[in-house]
Each structure stands twice: as structure tokens, then as C-alpha cells.
Amino acid sequence: MTDPRPMRVFSGVQPTANAHLGNYLGAIRRFVPLQDEGECIFCVVDLHAVTVPQDPKMLAAQTREIAAVYMAAGIDPARSIIFVQSSVSAHAELAWLLNCVARMGWLERMTQFKEKSGENAERSSVGLFAYPVLMAADILAYRATHVPVGEDQKQHLELARDIAARFNKEFKAEDHFPLPAPLIGATAARVMNLQDGTKKMSKSDPAELSRINLADSDDVIVRKMKKARTDAEPLPLDVAGLAGRPEVDNLVGIYAALSDLSKQAVLDEFAGAGFGVFKPRLADLAVSVLAPVREAMQVYLADPAQLDALLRDGSLKADVIARPILQQTREAMGFWS
Ligand code: TRP
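Conventions adopted
- Residues numbered from 1 in each chain as written.
- Predicted model: local features only at pLDDT ≥ 70, side-chain atom pairs only at ≥ 80, totals over all residues.
- Heavy atoms only, no water.
- Helix = DSSP H or I, 4+ residues; strand = E, 2+ residues; numbered from the N terminus.
- Rg over C-alpha atoms; globule rule 2.2 N^0.38 Å.
- Buried < 20%, exposed > 50% of the residue type's maximum accessible area, 1.4 Å probe, protein only.
- Areas by Shrake-Rupley, 256 points an atom, 1.4 Å probe, with all protein chains shown as cover.
- Lys, Arg positive; Asp, Glu negative; His and termini not counted.
- Charge placed at Lys NZ, Arg CZ, Asp CG, Glu CD.
- Domains from an automatic or database assignment.
- Contact = heavy atoms within 4.5 Å.
- Buried area = accessible area lost by both parts, 1.4 Å probe.
- Salt bridge = Lys/Arg side-chain N within 4 Å of Asp/Glu carboxyl O.
- Polar contact = N/O pair within 3.5 Å; in protein donor to acceptor, adjacent residues only side chain to side chain.
- Near = heavy atom within 4 Å.
- Nonpolar A, V, L, I, M, F, W, Y, C, P; charged D, E, K, R; others polar.

Draft legend 1. Summary view of the overall build of the protein. A tally of helices and strands in the protein yields 13 helices and five strands. Its C-alpha atoms give the protein a radius of gyration of 21 Å, within 12% of the compact-globule value 20 Å for 337 residues. Across its three principal axes, the protein shows a C-alpha extent of roughly 70 × 45 × 45 Å. Counting every position in the protein, which comprises 337 residues, the buried fraction comes to 49%. Here the protein displays about 15800 Å² of accessible surface, and carbon together with sulfur accounts for 56% of that area. Side-chain charges of the protein comprise 37 positive and 42 negative groups, with the mean position of each set lying 3 Å from the other.

Draft legend 2. Looking closely at the environment of Pro53. Along the chain, the position of Pro53 falls in the loop between α2 (46-49) and α3 (56-73). The exposure class assigned to Pro53 is exposed, which follows from its relative accessible area of 82%. Expressed as a C-alpha distance, the spacing of Pro53 and Ser125, which sit 72 residues apart in the sequence, is 9.2 Å.

Draft legend 3. Up close: the domain arrangement of the protein. Taken domain by domain, the protein consists of domain 1 (8-184 + 304-333) and domain 2 (208-299). Averaged C-alpha coordinates put domain 1 and domain 2 at centres separated by 30 Å. Contact residues are listed per partner, giving ten residues for domain 1 and 13 residues for domain 2. In this assembly, domain 1 packs against domain 2 so that about 1100 Å² is buried in total across both faces, 74% of it on carbon and sulfur atoms. Three residues, Leu21, Arg29 and Ala72, lead the burial of domain 1 against domain 2; their summed loss comes to 43% of the area buried on that side. The tally of links from domain 1 across to domain 2 stands at one salt bridge. In this structure, Arg29 engages Asp260 in a salt bridge whose closest nitrogen and oxygen atoms are separated by 3.3 Å. Our count for the domain 1 to domain 2 interface comes out at four residue pairs in polar contact (both at pLDDT 80 or more).

Draft legend 4. Seen up close, the site of the ligand. Every one of the 13 residues lining the ligand counts as a neighbour, but Gln14, Tyr131, Met135, Asp138 and Gln153 are closest to it. The separation between a nitrogen atom of the ligand and a polar side-chain atom of Asp138 is 2.7 Å. Among the elements of the structure, β1 (8-13) and α7 (126-140) are those that each provide at least two residues to the shell around the ligand. In terms of residue count, α7 provides more of the shell around the ligand than any other element does, four residues in total. Here the residues of the shell around the ligand sort into seven nonpolar, five polar and one charged.

Draft legend 5. Main features of the pattern of salt bridges. The tally for this structure, following the rule as stated, stands at 19 salt bridges. The residue Glu269 makes a salt bridge to Arg281 at a minimum N-O spacing of 2.8 Å. Taken together, the residues Glu269 in helix α11 (residues 263-270) and Arg281 in helix α12 (residues 275-301) connect sequence positions twelve residues apart. Each of the salt bridges in this network shares a partner with another, and the network as a whole consists of Glu208, Arg211, Asp216 and Lys224.

So, in C-alpha cells, the structure goes:
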């Protein structure tokens, strides 16, 4: 069913680490074509990052790096809003109001909190528990209609809908917050660890060979692709043959995402080839896609004053949208003003 509403897209990426292939293929690359479909707002969510400890000396650098990746990937700051979450105070203010709408029981069901807090939920920050409410505030502060997210964020988006619906009902403000719809890309690439296909590609893995950073040189990309773990069998003829071969599945998935093909189309192309053939082709493809992104990123990062000016401009534009929505929310709740 097509959504009749004019589209306002909101999404966010955390500045928790140096950007890698997973951030790019799984999220940022998929945002780019949305600019042709609606108004787009892309945020670097630093308030979410600090729900777990961050090195204060690194945080600002990582924030600029994600902003640079957005732009290097093709998000155009003249058409879309790119900004830093903590610089628009409506996010934190609305999050508090929504903390008083969301229920403990709803948050206790969040699987990401259970995973991230592990055995030690009692020692997690309160912020980590309330993380999904802040995410709801991000979206609702703009009355965003569509939110591109990976599978792992679907539950948080459902919570944002529940919070919006409860607010509208409790404060008898029908349609105050539109219910945001997820945009889960058909080829939403979940990029896995190159040495262990059962784990997500992540900055925190000590093995450099496990991931491709967006800052990696061409030579490093080629070497990491060559050393990626595989098995002794050739590529299967169809997608069903990828079952039980997580590393192979991951490399085929990366090839598919980099070339905008389905996994089956990739397997058709390589029908039964060995990795001696496939890996060099994958490495070439990765270099051809990533080198221009890296070079554009370096240009943005080389001029932090210019980058900061772009981000400040983004904050102003974001604030113009969010401020009146926050004000209307305050009024619906009966705050003095
Ligand atoms: N929680 C998201 C993630 O880790 C990031 C995020 C924060 C986000 N606020 C958002 C995504 C709002 C979409 C919309 O991937």
C-alpha cells in the first residue's frame, strides 16, 4: 500500500566509531536516493552515543567524520538537512516529555537494551534504557513520516509509533504526532565481520581484518578482501546454497549491495566460480565504489571550519522545524508559557 502523506524522512547514525563499510552499505548509501522522494533530515546522533561511555576527546572528531560520510556519500546539504543532534535542544526537551508518556513495561521489552546491557542491566546508564524514547523524540520532533532503518531498529520504531499514538490519545490531540513508518530497504545490507560471518561488522572488534573502514586505502581494501574468510567450496548456483555458509553469504551480500544487484543476480554472474575469481572482482568493485567516497570525505575533513559551518546551518534549519512542534507539544500538555 502506498502512503498518501507527503514524505518527510528522518534518520540518524551514531558517531560511536570510525565509519566502516557496514555503516555505509547498511545505512548511509540507502539514504541518498530518498532525497528525490521527499524532504530529508539526517542527524548525527551524539546524544545516543553517550548512553555508553565515550572518550570526550574522540566524540567531536567522530561526529565530524559521520557528517563527512553523509556528504561524501551524496547527501546534499543544500537539499537535505544534515545536523548534530545535541545542537538542537528540542531533541532532549521532547525526549523528557515523552519519557513521561512511554511506559517502563514497553522499554523493558526492547531487545537491544537486553543485548547491550547484558548481565549487568543494573549498571547500565539510565540513558541506555531510555534510548528508544530519545529516538522517538528525534523522529516526532519533525513529524517525520518515514524512517529508513535496519531490521535491528524496527522494534524501536514501533515503540515510537506507540508513544505517538498514546500521546495523541492522552492529550486528546488527534494527529498531533503522525505515526512514522519504517523504510526497510529491499536489499538492506547487514554487513558482517569478514573473519566471522556470524558477527556484525563492528569497530570494536580487535581484528582489523574483520572490517573495511571508509578511511582504508585501496591497497588495504584489496588486502582485506583477499584475506576475508571463506571455505573450500565454489560459489553456489542459487541463494539457497548460501545457507550454512555465513562468510560466503556475507561476501555475496557485500557484492550485491555495492553493485545494487540481488544476491541471486550476483550468483548468476559468477555461476559456480571459485574465490580465486570472485575475490579479486569483489575487491575491484569495493575500491571503485569506496575510493570516491573516501576522497570526498577527506576533502570535507581537511576543512573543519567549513564542515562546522555546514553543520551549524543544518542545526538552524532543523531548529526552525522542531521548535514550533515542541511548542505545540508543550501547549497540548498544559505547560505554562
Ligand atoms: N538507533 C539508531 C541506530 O543505532 C540511530 C538513531 C537514533 C535513529 N535516532 C534515530 C535512526 C532516529 C532513525 C531515526 O541505528
